[in-house]
Amino acid sequence: MTTTDRRRLIAVAAVITLLIVAGVVSVVLANRNAPAAPRTAAAATSAASETFSFFADDDTSEVQTTEEKAPVEIGLRFSSTIDGTLAAVRFLRAHNDSSSHPVTVWSVRGGKKLASADSSATLTGWQEVPLSAPVAIEAGEQYVVSYQADRYRASTGFFSKPAQAGPLSAAGDAGVFAYNEGTLPALSYQASNYWVDVVFRSATAAPSAAAPAEAAAMSLPRIPWEGGPSYYKSFPQARKSGWDKESFFPLAVWYEQVSSRQDVTTDKAMGLNTYIMVTADSNLRLIKDNGMSAMIAEDHQDRGDESVGWVLADEADMWGKAGPGRWTGKWPGQGDTCTPATAGCGFDIQKKLRDRLPDDGRMPYANYGKGVMFWESDEDAARFVNDYSAVVSNDIYWYTDGNVCKAPHEGPVLGVKEGNCRRAANYGLTVDRMRTLDAADGKHQPVFNFVEVGHPIDDSSSPTITGEQVAGAVMSSVIHEARGIVYFNHNFGGPCVSQHVLREKCGDAVRPAVTEVNRRITELAPVLNTQSYQWTFNPAVDTMLKARDGSYYIFAMPGREGGTGEQTLKLPPGIAGSQAEVMFENRTIPITDGNLHDTFSRESSYHIYRVTP
């Protein structure tokens, strides 16, 4: 390990201690930060160009929040030149609004409600609310989509030019509102846009090449995603390394040294397939020859097809912070990092590092921490997440961080109570927060999640994670739509300090659990690499529903509060079968009146059910 590597690890440790005490790159970045499309241009969003929204590409960073004394129904009036269906309603949340809001679809003819749904409580930015069933839209008829709120985003004069998205159009009085509850919004003001949008699918859209189970599946809305393995087709180096294959799911280790064949053999035996950050003296040829991948932070003389991405500054949201300052080029421990010294310069750090990247077809990757998760405003956090990377992650260690459960400016910011802090489900909460921020610009990138494998905190009084907890944290991340797992492999405290936990004796207690959960994820990669359906099986249980090759897969584990003991999972209409196989447990359970009954013995327990009609 070189002096540079030691300096970086010391910097990481210093940040953690501080917390306890207190071409293709340009093409893809352009795609993620595209300028607003003309208001008369189509905004097709599906691969088949048959799904349309009005404002998916609009820059909303300067849209102001308006506040009313009482709730108002605000919406968008639109029409279509072709028949189709409405799959979801989108709206731009007000700043610092974390409330749920009912959404409604109306027919202007007769003022009839056609559908309604409740949004989840999330954070600022675009929120997409799936409808329980698609709503038929007839050509030539007028419709309104709306939601109710007392704080909302608005832009006067927006509809001075009519808006168009493929077959959809919205005229000058398209922004509408109503003050009376339960009333069709019909009033308008100065051609205002209240930033309510649609997800419209044409009736002539070509059917997807779905697996048999998906083709016959219930008409449930889908969870928004980046596209699965097909996302990586835009990156030549990722494609060369097989990231676009349905059999690949990233299982990475953070900041390792690869200097011998035994290093790679040991890591592969645990089911790892990717290194994110390697030491400067690592042998990349060993990584390539053993069919593994790497994301690197600095150039290596032996760099080849194994290197699929470039790593930007780690946790720039914490040591750089949000703000208008400029980066001095210094890292933590080297002096003032920002100028002026009191100004945050995290944005400039990431921009300068991204701008230095070669146009070589590798993905820019960024990892963030408590700044994005807790401390920064939603707008600043979303800027970190959306403006610099094509893959993003976060590292909150709910099981081992002594501060995250108690500090009022950390876990409680997301509603985590101290008594329910050290739970696997909170790793899923980390993913939820990142996915919400990522969606703020109307686009999606893969969100990875960190899970510690030992004692990452330089405080002996902090807990050390167990194997069962590692497996639970990993599965919670996956259930909440993490597209990759990153194991934090360093112990800065506790009884066994190590920079190679999983390879050394320090990792004996957790290595079997890591190996087994990785094996299961790898076996299920073709399933995980399909788009999930949205369905609530049981409010106390975190779940994920997928369909593949004639079977349905239900991933389930206790949620953030409760969910342990015997639980009932109510299956959605469309899943038929007499029993469910409990995968990896050598048992089956009956399906009775459309329900599964099973027991979750611990908060970190999980079950994966396969139902084959």
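So, here is what we can say about the structure in this document. Fair warning: this is a prediction, and the values are worked out from it, not measured in the lab.

Quick word on the side chain of Thr430
Logical step 1: Positionally, Thr430 belongs in helix α11 (residues 425-438).
Logical step 2: For Thr430, a relative accessible area of 1% gives the class buried.
Logical step 3: Ignoring anything within four residues of it in the chain, the contact list for Thr430 reads Met373, Asn394, Ile396, Trp398 and Asn449.

Remarks on the packing of aromatic side chains
Logical step 1: Taken as a whole and judged by the stated rule, the model has 26 aromatic pairs.
Logical step 2: Both rings, one in Phe347 and one in Phe384, keep their centres 4.6 Å apart while their planes meet at 45°; by these two values the pair is tilted. Here Phe384 lies in helix α10 (residues 378-387) and Phe347 lies in helix α8 (residues 346-355), a separation of 37 residues in the sequence.
Logical step 3: Taking the relative accessible area as the measure of exposure, Phe347 reaches 4% and is therefore buried.
Logical step 4: Considering the side-chain rings of Tyr365 and Phe448, the 6.3 Å spacing of their centres and the 50° angle between planes classify their relative orientation as tilted. Of the two residues, Tyr365 is situated in strand β18 (residues 363-368) and Phe448 in strand β20 (residues 447-452); the sequence distance between them amounts to 83 residues. Taken individually, Tyr365 and Phe448 each receive the classification buried, so the pair is uniform in this respect.
Logical step 5: Members of the aromatic cluster, connected to one another through ring pairs, are Phe54, Phe55, Trp126, Phe158, Phe159 and Trp195.
Logical step 6: The ring of Trp126 has Arg90 sitting right over it, with the charged end atom 4.3 Å from the ring centre.
Logical step 7: In this structure, Arg222 packs its charged tip against the face of Tyr533, placed 4.0 Å from the ring centre.

Concerning the sheet that holds strand β11 (residues 196-202)
Logical step 1: Taken in spatial order, the four strands line up as β1-β11-β3-β6 in an open sheet, and their pairing is antiparallel. Of all strands in the sheet, those bounded by a partner on one side alone are β1 (51-52) and β6 (125-137).
Logical step 2: Bridge count for strand β3 (residues 84-93) against β6 is nine bridges, and the pairing is antiparallel. Each bridged residue has a counterpart across the sheet, and for Arg90 the counterpart in β6 is Glu128.

Describing the environment of Ile521
Logical step 1: Examined against the element boundaries, Ile521 turns out to sit in helix α13 (residues 511-523).
Logical step 2: Between the C-alpha atoms of Ile521 and Phe249, which are 272 residues apart in sequence, the distance is 7.5 Å.
Logical step 3: Not counting the four nearest positions on each side in its chain, Ile521 is found in contact with Phe249, Leu251, Val474, Val478 and Leu528.

Re the packing of α10 against α11
Logical step 1: One can describe the packing of α10 onto α11 by two numbers: an axis separation of 8 Å at closest approach and a directional angle of 85°. With respect to their mutual orientation, α10 and α11 come out roughly perpendicular. Contacts from Asp378, Ala381, Ala382, Val385 and Asn386 of α10 reach α11 at Arg433, Met434, Leu437 and Asp438.
Logical step 2: Among the residues forming the contact of α10 with α11, the class breakdown is five nonpolar, one polar and three charged.

Digging into the sheet that holds β18
Strands in a sheet are paired, the pairing made by backbone hydrogen bonds, and the direction either parallel or antiparallel.
Logical step 1: Strand order in the closed barrel formed by eight strands is β12-β13-β14-β15-β18-β19-β20-β21, and the pairing between neighbours is parallel. Averaged over all neighbouring strand pairs, the angle between strand axes comes to 30°, with direction disregarded.
Logical step 2: Relative to strand β13 (residues 274-278), strand β12 (residues 251-256) runs parallel, the two sharing four bridges. Along β13, the bridge assignment pairs Val253 with Tyr275.

Here's the deal with the state of the cysteines
Logical step 1: On inspection of all chains with the given rule, the structure shows three disulfides.
Logical step 2: For Cys405, the disulfide goes to Cys421, at an S-S distance of 2.0 Å. In this structure, the disulfide formed by Cys405 and Cys421 twists by about -80° around the S-S bond and is classed as left-handed. On the criterion of sequence distance, the pair formed by Cys405 in the loop between β19 (391-394) and α11 and Cys421 in the loop between β19 and α11 is long-range, its members being 16 residues apart. By the burial criterion, Cys405 is buried, and Cys421 matches it.
Logical step 3: The partner cysteine of Cys496 in its disulfide is Cys506, sulfur to sulfur 1.6 Å. Disulfide Cys496 to Cys506: torsion about the S-S bond roughly -70°, handedness left-handed. Of this pair, Cys496 sits in the loop between β21 (484-488) and α13 while Cys506 sits in the loop between β21 and α13, and the two are ten residues apart along the sequence.

Points about the packing of α8 against α10
Logical step 1: α10 packs onto α8 with a crossing angle of 5° between their chain directions and a minimal axis gap of 11 Å. Considered as vectors, α8 and α10 are oriented roughly parallel to each other. Facing Gly346, Phe347 and Arg354 of α8, the residues of α10 in contact are Asp380, Arg383, Phe384 and Asp387.
Logical step 2: Split into classes, the residues belonging to the contact of α8 with α10 amount to two nonpolar, one polar and four charged.

Each value, and the rule that gives it
Each residue is numbered by its place in its chain's sequence as written, counting from 1. At least 70 in pLDDT is required for a residue's local features to be given in this predicted model, at least 80 for side-chain atom pairs to be given and counted, and no such filter applies to totals for whole chains, interfaces and linings, which use all residues. Only hydrogens and water are set aside when side-chain values are computed; all heavy atoms of the structure are taken into account. Helix and strand labels come from DSSP, where a helix needs a run of H or I of at least four residues and a strand needs a run of E of at least two; each type is numbered from the N terminus. Here's how the labels work: a residue is buried when its accessible area is under 20% of the maximum for its type, exposed when over 50%, partly exposed in between, all with a 1.4 Å probe on protein chains only. By the convention used here, residues are in contact when the closest approach between their heavy atoms is within 4.5 Å. Here a pair means two rings of Phe, Tyr or Trp (six-membered ring of Trp) with centres within 6.5 Å. Their orientation is stacked below 30 degrees between planes, edge-to-face above 60, and tilted elsewhere. Two conditions define a charge located above a ring, namely a distance within 6 Å from the ring centre to NZ of Lys or CZ of Arg, and an angle within 35 degrees of the ring normal. A strand pair is defined by DSSP finding two or more bridges across the two strands. Axis lines are fitted to C-alpha atoms, over the contacting stretch for helices. Their N-to-C directions set the angle, which ranges from 0 to 180 degrees. Geometric relationships in this document are graded by angle, where less than 35 degrees denotes roughly parallel, more than 145 denotes roughly antiparallel, 65 to 115 denotes roughly perpendicular, and other angles denote oblique. Following the grouping adopted for this structure description, the nonpolar residues are Ala, Val, Leu, Ile, Met, Phe, Trp, Tyr, Cys and Pro, the charged ones are Asp, Glu, Lys and Arg, and the polar ones are all others, Gly among them. The disulfide criterion is simple: two cysteine sulfur atoms within 2.5 Å.

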